[in-house]
Amino acid sequence: MDTIRRVEELSYAKGISLAQLARMSGVSNSTLKNARSRNYQLSVDTIERLCAGLGITMSEFFDTPDCRISGS
C-alpha cells in the first residue's frame, strides 16, 4: 500500500490540504512532502497521528481493496 497516496485520498475526501492535516495531526509538513517526493512509506506512528487528525481509525485507514484479504 502506498501510504502517502492513501493520506492524500483521505484528506482530499475531507476537503483539507496536506499542510492543514499536518498541523491538525502534529506531523511536520516536511515529513509528508518528503514521503511524497521520495516515495517513502510513512511509519506506523505517523499514520496513527494522521488518523487522529483525520478523525478515523487505523482500520479505516487500511480499509482499501488492496489491503483486504478475500475469503476462500
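Check the entry above for the structure.
Residues numbered from 1 in each chain as written. Predicted model: local features only at pLDDT ≥ 70, side-chain atom pairs only at ≥ 80, totals over all residues. Heavy atoms only, no water.

Colleague: Explain the packing of aromatic side chains to me, and be specific about the residues and the numbers.
Modeller: Evaluation of the coordinates by the stated rule reveals 1 aromatic pair. Measuring from centroid to centroid gives 4.9 Å for F61 and F62, while their planes differ by 80 degrees, and the two rings are edge-to-face. The exposure class of F61 is buried, given its relative accessible area of 1%. (Phe/Tyr/Trp six-rings, centres within 6.5 Å; stacked < 30°, edge-to-face > 60°. Buried < 20%, exposed > 50% of the residue type's maximum accessible area, 1.4 Å probe, protein only.)

Colleague: Outline the environment of T57, listing residues and values.
Modeller: Along the chain, T57 falls in the loop between α4 (44-54) and α5 (58-61). Sequence spacing of T57 and I47 is 10 residues, and the spatial spacing of their C-alpha atoms is 9.8 Å. (Helix = DSSP H or I, 4+ residues; strand = E, 2+ residues; numbered from the N terminus.)

Colleague: Hey, could you go over the environment of L10 for me, with residue numbers and the actual values?
Modeller: Following the sequence through the fold, L10 ends up in helix α1 (residues 3-14). When neighbours within four sequence positions are excluded, L10 is seen to be in contact with L54, I56 and F61. (Contact = heavy atoms within 4.5 Å.)

Colleague: If you had to explain the packing of helix α2 (residues 18-25) against helix α3 (residues 29-38) to someone new, which residues and values would you point to?
Modeller: The geometry of α2 relative to α3 is characterised by a closest axis approach of 8 Å and an angle of 130 degrees between their N-to-C directions. Taken together, the axes of α2 and α3 are oblique relative to one another. The element α2 and its partner α3 pack so that their crossing is right-handed. Two secondary-structure elements touch here, α2 through L18, A19 and A22 and α3 through N29, L32 and R36. Taken together, the residues of the contact of α2 with α3 sort by class into 4 nonpolar, 1 polar and 1 charged. (Axes fitted to C-alpha atoms, helices over the stretch in contact; angles between N-to-C directions. Parallel < 35°, antiparallel > 145°, perpendicular 65-115°, else oblique. Left-handed = near helix turned anticlockwise from the far one by under 90°. Nonpolar A, V, L, I, M, F, W, Y, C, P; charged D, E, K, R; others polar.)

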